[in-house]
Amino acid sequence: MALLGFAALMGAFFYYEYARIRRYGGGQREQVAFSVVMLLALLFGSAMILGLPIPNPTDLIEAIFHPVAIKLVPPS
Amino acid sequence: MSWEGGRISSYEAAMMIAAIVLPTAVMTLPPGMVGEAVQHAWLSAVVATLCGLGIVALAAAISRSAPGITLIGVTSRHLGAPGRWIVGALYTWWLLHVNALILRSVSEFVVIILLPRTPVVVVAASLTALVLWAVRGGIESVARLATLTLPLVPLSVLLISLLSSQDFDLGRLAPLLPTEGIRPILRGAVAPASFFGEVIIASIAIFPFLNDPKRMLRSGIVGVLMTGVSLVVVLLVSVMVLGPASASADEFSFIRVVRLVSIGEFLQRTEGVFAVFWLFAMLVKLMIWFYATVFTGAEWLGLKTYHPLTIPCAVGTVGLALLLHRNIIEFRAFVATTWTPYAAVFELVIPMLLLLIALGIKKARERGSSMPRVPQMRQAKR
């Protein structure tokens, strides 16, 4: 149910914004960029609603920067 | 990239720069700072403010090297399309990430303090809808909101300080200056300094739109000092009223100070009013970050306007806010253990490299233009 509601909302957003881009002279680049980013947002949101395992960017950031942070401020 | 069209005054710029850090500084930084530097946390705030002044000077120097152009525009000018692609992608990610962190932080605050039975996702989505609405109106809408709502936070901090002065225990600040060296003070300043460093986004979302570019640095200094002074006052009041142990243990220690304010029988439980003022300021902060995110994204992708990115980025921000950390404890751990070097890359390392490249190119051009051309022409005639 939540997924259907989210998909319907995204569809309405897509219809509104796509028409707006065309009306205000947006070129092909704007239309393609909007469509691709909107699709990514739809997939991401749907995966969140369905509870699918999504890789957490925090893990990558911590793997890179945590060792530096430990050297910068050693734990007391 | 088409020009935004909006123009902001130096006063609006100062309020916006204050909005980048002030709401976080007042509400979420004090417990960690008191935990490290105890009663000397206000000195850590002074150190962090000095770092903020340095970063705002860096942002102003970058914007002055190419007036009316953002950080990504400067990258594009000096490093070409490949540079724009790499730096643009990195900054778009960082801004989106920080946006999600701020959204999570403010949503948790609303749930803990104001709406305990409401799910975080509902609060986050509602706040994002407001942010989306304002940002689609352009930079001028955000600037007007900043001038309307931001002064309420330092004014309310001042008022709360005056009203709670009857509970001040000056002995809790003793000894006023550190006796065991400056190490605890510096440790307490590390995380706040990286938060003050967030003013670097002035070179993306504020300075390029200033109607008087000569006042760039002045606006920046006013904004950072306003934040710094408010943070020092909040720390001093929290320690004097609650004591260092309580001030470091509570998640939102200043709200506890506000709760203790009681004048006679008629002025009590004022935390709701303060929380609403703070929430307004936090919304403006979110708007500035969200604006910076979509504007940078549009520049990175070479779009004519940022509007096509606003709705998908809003959805992505809400999703990321829920995905990144399971609870506020994980969020605190991330800030304490990883945030500082991660933020330093975007707040200091990349901007500093860009500025050095810009200055190097400028010097090389000056040297090139001062080369004796006339003898060469004579030589050519011969």
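A short tour of the structure in this document, coming up. Bear in mind that the values here come from a model prediction, so they are computed numbers and not experimental data. (Residues numbered from 1 in each chain as written. Chains lettered and ligands numbered in written order. Predicted model: local features only at pLDDT ≥ 70, side-chain atom pairs only at ≥ 80, totals over all residues.)

Counting its secondary structure elements, chain A contains 3 helices and 0 strands. Each helix and strand of chain A, placed in order from N terminus to C terminus, yields the pattern α-α-α. Relative to the compact-globule value of 11 Å for 76 residues, chain A shows a C-alpha radius of gyration of 19 Å, a clear excess of over 25%. When its C-alpha atoms are laid out on the principal axes, chain A stretches across 60 × 35 × 15 Å. (Helix = DSSP H or I, 4+ residues; strand = E, 2+ residues; numbered from the N terminus. Rg over C-alpha atoms; globule rule 2.2 N^0.38 Å.)

Bringing the packing of helix 3 (residues 57–72) of chain A against helix 15 (residues 328–369) of chain B into the picture now. Look at helix 3 of chain A against helix 15 of chain B: their axes get within 7 Å of each other, and the N-to-C directions meet at 85°. As far as their axial angle goes, helix 15 of chain B and helix 3 of chain A are roughly perpendicular. Taking contact as the criterion, the partners of Thr58, Ile61, Glu62, Phe65, His66, Val68, Ala69 and Leu72 of chain A in helix 3 of chain A are, on helix 15 of chain B, Phe334, Thr337, Thr338, Thr340, Pro341 and Tyr342 of chain B. Tallied by class, residues from the contact of helix 3 of chain A with helix 15 of chain B come to 8 nonpolar, 5 polar and 1 charged. (Axes fitted to C-alpha atoms, helices over the stretch in contact; angles between N-to-C directions. Parallel < 35°, antiparallel > 145°, perpendicular 65-115°, else oblique. Contact = placed C-beta atoms within 7 Å. Nonpolar A, V, L, I, M, F, W, Y, C, P; charged D, E, K, R; others polar.)

Geometrically, a packed helix pair is captured by the angle between its two axes and the distance between the axes. All names here are of chain B. Remark: helix 3 (residues 41–65) packs on helix 15, axes separated minimally by 10 Å, with the N-to-C direction vectors making an angle of 35°. The two elements helix 3 and helix 15 cross, and the hand of that crossing is left-handed. Contacts between helix 3 and helix 15 involve Ile55, Leu58, Ala61, Ile62 and Ser65 on the former and, on the latter, Glu347, Leu348, Pro351, Met352, Leu354, Leu355 and Ala358. Class assignment of the residues belonging to the contact of helix 3 with helix 15 gives a composition of 10 nonpolar, 1 polar and 1 charged. (Left-handed = near helix turned anticlockwise from the far one by under 90°.)

For the rest of this paragraph, the subject is the interface of chain B and chain A. Taken together, the contacts link 24 residues of chain B with 28 residues of chain A. Elements with a minimum of two residues in the side of chain B that touches chain A: helix 8 (183–196), helix 14 (307–324) and helix 15 of chain B. The biggest single contributor to the side of chain B that touches chain A is helix 14 of chain B, with 10 residues. In terms of residue class, the side of chain B that touches chain A is built from 14 nonpolar, 8 polar and 2 charged.

Bringing the environment of Trp133 of chain B into the picture now. Counting through the fold element by element, Trp133 of chain B comes out in helix 5 (residues 120–135). Through-space distance from the C-alpha of Trp133 of chain B to that of Val261 of chain B is 36 Å; in sequence the pair is 128 residues apart.

With that out of the way, let us pick up helix 5 of chain B. All names here are of chain B. Spanning 16 residues, helix 5 covers 22 Å between terminal C-alpha atoms, matching the ideal 22 Å at 1.5 Å per step. When we look at burial in helix 5, the residues that qualify are Ala124, Leu127, Thr128, Val131 and Val135. Seen end-on, helix 5 carries its buried residues on one side only, within an arc spanning 105°. Counted as exposed and oriented over 90 degrees from the buried face of helix 5: Ala129 and Leu130. Lining the buried residues of helix 5 we find helix 4 (71–114), helix 6 (139–149), helix 13 (271–301) and helix 14. (Expected span 1.5 Å × (residues − 1). Buried ≥ 20, exposed ≤ 12 C-beta atoms within 10 Å, placed from the backbone. Arc of directions from axis to C-beta.)

What follows is about the nonpolar core. Counting 138 residues, the largest nonpolar core has Ile17, Ala19, Val199, Leu286, Met287, Ile288 and Tyr291 of chain B as its most contacted members. What Ala19 of chain B contacts, discounting residues up to four positions off in sequence, is Ala146, Leu150, Ala281, Val284, Lys285 and Ile288 of chain B. (Core = buried A, V, L, I, M, F, W, Y, C linked by C-beta atoms within 7 Å.)

Another point: helix 14 of chain B. Residue and element names in this part refer to chain B. Look at helix 14: 26 Å from first C-alpha to last across 18 residues, which is about the 26 Å you get at 1.5 Å a residue. At Cys313, helix 14 is deflected by roughly 25°, the largest bend along its length. Counting buried positions along helix 14 yields 16 of 18 residues, so the element is predominantly enclosed. (Bend = angle between axes of the 7 residues up to and from the residue.)

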